[in-house]
Amino acid sequence: MAYSEKVIDHYKNPRNVGSLPKDDPSVGTGLVGAPECGDVMKLQMKINPETDVIEDAKFKTFGCGSAIASSSLATEWVKGKKVDEALKIKNTEIVKELNLPPVKIHCSVLAEDAIKAAIADYKRKQGAGAKLQAQPASAD
Amino acid sequence: MPKGAARNGIGEKERILERDDDMALKLPIYMDNHATTPVDPRVLETMLPYFTQSFGNAASRNHSFGWEAEKAAENAREQIAHLIGATAKEIIFTSGATESDNLAIKGVAEMYREKGNHIITMAIEHKAVLDTCKRLEKYGYLVTYLPVSREGLIDLDELRAALTDKTILITIMYANNEIGVLQPIEEIGRLAKEKGVLFHTDATQAVGKIPFDVQKFNVDLASLSAHKMYGPKGVAALYVRRRNPRVQLSAIIDGGGHERGMRSGTLNVPGIVGFGKACELAEKEMPQEMARLRGLRDRLKEGLFARLDEVYINGSMEHRLPHNLNASFAYVEGESLLMGINDVAVSSGSACTSATLEPSYVLKALGVGEDLAHTSIRFGLGRFNTEAEVDYVVDRVVETVVRLRELSPLYEMAKEGVDLKQMQWKAD
């Protein structure tokens, strides 16, 4: 299968690879996919509770080149956005940007899920308040 | 590999990479010899006159063009038969091993319908066998699919127990195309003979690579293909035993009655000539080639194991083709690994490389978890691979696996002591 140049670029030079401290209450972690399915994405965001702005984003992905590219692109797109804006990112935009073939659309769906899961985790932590000890992000 | 040794088939886009040891390396490197092999230049040379000069139809009985073509095809038949311990009359030419498998299984099923309707095969057969058996099930045949062990081997006691008085055929491959594991073919042949059941083996990956003898193994039908052994594509054969017992087949292709009525159609004379030459070369060079490829394969394996942790071999190392390695690189998805080593041609058992989105059914049958099946790579060494190529492939695989593990959340979690098997994954 031929990959688009953008997929190859993200695969060769993935943006924002790494991890943020998952116990930090201002960090939301999304872990989606499953090893049995051949795709697992971990997407983390550091969000400023005052401004709601996503100040940093990191990812790690187990998956094919398209999955790596989708999550790498997702980190680029969410950085600097407000949480509400980030939630509006649609998988179809990722498909378009990376020229993903139909068989790889699930990679973009997973990236959208990862964004939503990370924000949900952040909101859960914020809602839980400071009285609770921050829980490590779970995948369930 | 000696200087000036034969290489071919790579094409114009190749780059030359100068190495410190002054050994020039041509890229890309082909290491997918279970998929197909390049035609040996000596084979091609033998074939060429049969396209333009001796182009006759081997079935033309009235002129020298036909006689010449027939003579060439019969010579090739002898060469092929000799390699597998058969006689020339027992070789039926077909278009490919897929057709050979179809002819053997459907041909026996129809011919021996009165005798019984039960066929025994195995879970890790090639699709050409499995899907043929599935079709026969629709027509009322009963098929037993024997499971395999973690090593990829059938249990002979289970085979024995599966036999009934309605069993007309055992079809079990010799060497598997993904993991290279060799079934206990001699024992299967002995059992089949003892029970009076016909035994077909898809020997496509084995013939020309390791010794295969239809007499020694008591094989009644065997599929073999030219392009897996440095011959051309589009030509293959089915060995059909003529004595003790004489096997009869119903044809699946009807027409002019070629190949003793078992396979009608004009013979592909240039292809057949190439097939014959490929068999002659394989027979002559097999002992040295086996030893050399085993050395290269072991060098590949040792190179990978020395520099990477959590690499798992799929299938038995003991009962295996000398030129096959199939390994899972935990936490690194196969397709992304292939993308990282894009100047090396190998294949993956990952779902992402197939149209079905299911990982390898062969690895699944071995009990390899789907997580590890997604990380598997098949290396198939061949006649034209060199030690320098193996070293280059080791370097590329190691650097890519290290890089992708840095990118892998699973690797990070495993290193933190998270039990990945106990996680509740949110799959899409």
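Details of the structure are given in the entry above.
What you see as residue numbers is a count from 1 along each chain, following the sequence as written. Going through the entries in the order they are written, you letter the chains from A and number the ligands from 1. The predicted origin of the model limits local features to residues at a pLDDT of at least 70 and limits the giving and counting of side-chain atom pairs to 80 or more, whereas totals for whole chains, interfaces and linings rest on all residues. Here the side-chain values reflect all heavy atoms present in the structure, with hydrogen atoms and water set aside.

Asks: For the packing of helix α3 (residues 64–84) of chain B against helix α8 (residues 269–307) of chain B, give the residues involved together with the corresponding values.
Replies: Angle between the axes and distance between the axes are the two parameters that describe a pair of packed helices. All names here are of chain B. Here an angle of 0 to 180 degrees is reported between the N-to-C directions of two axes, which are lines fitted to C-alpha atoms, with helices fitted over the stretch in contact. Helix and strand assignments come from DSSP, with helices taken as H or I runs of at least 4 residues and strands as E runs of at least 2, each series counted from the N terminus. The N-to-C vectors of α3 and α8 enclose an angle of 30°; their axes lie 8 Å apart at closest approach. It follows from the interaxial angle that α3 and α8 lie roughly parallel. Taken as a pair, α3 and α8 cross one another with a handedness that is left-handed. Facing Ala69, Ala72, Ala73, Ala76, Gln79, Ile80, His82 and Leu83 of α3, the residues of α8 in contact are Val269, Ile272, Val273, Phe275, Gly276, Lys277, Cys279, Glu280, Glu283 and Met286. Looking at the contact of α3 with α8, its residues break down into twelve nonpolar, three polar and three charged. Each angle receives one of four descriptions, namely roughly parallel if under 35 degrees, roughly antiparallel if over 145, roughly perpendicular if within 65 to 115, and oblique otherwise. A clockwise turn of the near helix away from the far one marks a right-handed crossing, whereas an anticlockwise turn of less than a right angle marks a left-handed crossing. Residues count as neighbours in contact if any of their non-hydrogen atoms are within 4.5 Å of one another. Under the grouping applied here, Gly and all other residues not named as nonpolar or charged are polar, the nonpolar ones being Ala, Val, Leu, Ile, Met, Phe, Trp, Tyr, Cys and Pro and the charged ones Asp, Glu, Lys and Arg.

Asks: Please provide a residue-by-residue account of empty space enclosed by the protein, values included.
Replies: Residue and element names in this part refer to chain B. Cavities and pockets were defined on a 1 Å grid built from protein atoms only: a cavity is a group of points that admits a 1.4 Å probe but offers it no way out, a pocket is an open group of points flanked by protein on both sides within 12 Å along at least five of seven lines, and a lining residue is one with an atom within 4 Å of any such point. Grid points are joined across faces, edges and corners, and a volume is the space filled by probe spheres set on the points. All chains considered together, the criterion is met by two cavities of 30 Å³ or more. Taken together, Gly208, Lys209, Met286, Glu289, Met290, Leu293, Pro322 and His323 make up the full set of residues lining the largest cavity. Of the residues assigned to the lining of the largest cavity, the class counts are four nonpolar, two polar and two charged.

Asks: Talk me through the sheet that holds strand β10 (residues 236–240) of chain B; I want residue IDs and the actual numbers.
Replies: Residues and elements named next belong to chain B. Strands are labelled as partners when DSSP assigns at least two bridges between them. Read from one edge of the open sheet, seven strands run β4-β10-β9-β8-β7-β5-β6, paired in mixed fashion. A strand with exactly one partner marks an edge of an open sheet, and here the two such strands are β4 (91–94) and β6 (142–146). Ignoring strand direction, the axes of neighbouring strands in this sheet form an average angle of 20°. Most of the contacts of α3 go to β4, to which it runs at about 115°, and overall it touches β4, β9 (221–225) and β10. Strands in contact with helix α4 (residues 97–111) are β4, β5 (118–122), β7 (167–171), β8 (198–202), β9 and β10; relative to β9, the strand with the most contacts, it is inclined by about 165°.

Asks: How would you sum up the interface of chain A and chain B? Please name residues and give values.
Replies: Opposite the 35 residues of chain A that make contact, chain B presents 30 residues. Summed over both partners, the accessible surface that disappears when two parts come together, traced with a 1.4 Å probe, is what is meant by buried area. Together, the buried faces of chain A and chain B total about 2,800 Å²; carbon and sulfur atoms form 63% of this surface. Salt bridges are defined as contacts in which a side-chain nitrogen from Lys or Arg sits within 4 Å of a carboxyl oxygen from Asp or Glu. Remark: the boundary between chain A and chain B carries four salt bridges. Salt-bridge contacts for Glu412(B) lead to Lys42(A); the nearest nitrogen and oxygen are separated by 2.6 Å. Between N or O atoms, a polar contact is any pair within 3.5 Å; within protein, one atom must be a potential hydrogen donor and the other a potential acceptor, and residues adjacent in sequence are included only when both atoms are from side chains. Put simply, chain A and chain B have 14 residue pairs in polar contact (both at pLDDT 80 or more) between them. When its residues are assigned to classes, the side of chain A that touches chain B shows 20 nonpolar, seven polar and eight charged.

Asks: Quick one: what's the story with the pattern of salt bridges, residue by residue and with numbers?
Replies: Under the criterion given, the structure shown has 36 salt bridges over all chains. In this structure, Arg15(A) engages Asp9(A) in a salt bridge whose closest nitrogen and oxygen atoms are separated by 2.7 Å. Assessed through its relative accessible area of 21%, Arg15(A) is described here as partly exposed. Taking the relative accessible area as the measure of exposure, Asp9(A) reaches 31% and is therefore partly exposed. Arg263(B) is the salt-bridge partner of Glu99(B), the closest N and O atoms lying 2.6 Å from each other. Separated by 164 residues along the polypeptide, Glu99(B) in helix α4 and Arg263(B) in the loop between β10 and α8 bring together distant segments of the chain. In this pair, the class of Glu99(B) matches that of Arg263(B), namely buried. Residue exposure (1.4 Å probe, protein chains only): buried if accessible area is under 20% of the type maximum, exposed if over 50%, otherwise partly exposed.

Asks: A description of the environment of Phe217(B) should follow, citing residues and the corresponding values.
Replies: Residues and elements named next belong to chain B. Its place among the elements puts Phe217 in the loop between β8 and β9. Sequence-wise, Phe217 and Ser328 are 111 residues apart; in three dimensions their C-alpha atoms are separated by 32 Å. Setting aside anything within four residues of it in sequence, one finds Phe217 in contact with Tyr174, Ile185, Glu186, Gly189, Phe199, Pro211 and Phe212.

Asks: Residue-level account of the packing of helix α4 (residues 91–98) of chain A against helix α5 (residues 105–128) of chain A, with values.
Replies: Residues and elements named next belong to chain A. Two elements in contact, α4 and α5, have axes whose closest approach is 8 Å; the angle formed by their N-to-C orientations is 130°. Taken together, α4 and α5 sit at an angle that is classed as oblique. At the point where α4 passes α5, the crossing takes the right-handed sense. Packed against α4, whose contacting residues are Asn91, Ile94 and Val95, the element α5 presents Ile105, Ser108, Val109, Ala111 and Glu112 at the interface. In terms of residue class, the contact of α4 with α5 is built from five nonpolar, two polar and one charged.

Asks: Any details on the nonpolar core? Residues and values, ideally.
Replies: By convention a nonpolar core is built from buried Ala, Val, Leu, Ile, Met, Phe, Trp, Tyr and Cys residues, the set being connected through side-chain atoms within 4.5 Å. Ile84(B), Ile170(B), Tyr174(B), Phe212(B), Val219(B) and Phe275(B) are the most contacted members of the largest nonpolar core, which has 82 residues in total. When residues of this core are assigned to their parent elements, the largest contribution, nine residues, is made by α8(B). Residue contacts for Ile84(B): discarding those within four places in its chain leaves Ile91(B), Val207(B), Phe212(B), Asp213(B), Val214(B), Leu224(B) and Tyr239(B). One finds Val78(A), Leu304(B), Leu308(B) and Ala388(B) within the second-largest nonpolar core, a separate group that totals 66 residues.

Asks: Provide a residue-level description of the pairing of β7(B), including the pertinent values.
Replies: All names here are of chain B. Buried residues dominate β7, accounting for five of its five residues. When β7 meets β8, the two strands line up parallel, connected through three bridges. Across the sheet, Thr171 pairs through a bridge with His200, a residue of β8. Crossover handedness is defined by viewing with both strands directed away from the observer: a clockwise path from the first strand over the helix to the second marks the crossover as right-handed. Note on the crossover from β7 through helix α7 (residues 185–195) to β8: the handedness is right-handed.

Asks: Just give me the short version of a nonpolar patch on the surface, but keep the residues and values in it.
Replies: A patch consists of residues exposed above 30% relative accessible area that lack any salt bridge, with like charges linked at up to 9 Å and nonpolar side chains (Val, Leu, Ile, Met, Phe, Trp, Tyr) linked at up to 5 Å. Here the accessible surface of atoms and residues is derived via Shrake-Rupley with a 1.4 Å probe, and residues count as covered only by protein chains that are part of the display. Residues Leu44(B), Leu48(B) and Phe51(B) make up a contiguous nonpolar surface patch of roughly 290 Å² in combined accessible area. Inspection of the secondary structure assignment puts Leu48(B) in the loop between α1 (41–47) and α2 (49–52).

Asks: I'd love a proper account of helix α5 (residues 127–138) of chain B, names of residues and values included.
Replies: All names here are of chain B. One less than the residue count of a helix, multiplied by 1.5 Å, gives the span that helix is expected to have. Between its terminal C-alpha atoms α5 stretches 16 Å, which fits the 16 Å expected from twelve residues at 1.5 Å a residue. Considering only its buried residues, α5 is in contact with α4, β5, β6, β7, β8 and α10 (361–366). Immediately downstream of α5, the backbone of Gly140 shows phi near 100°, a positive value.

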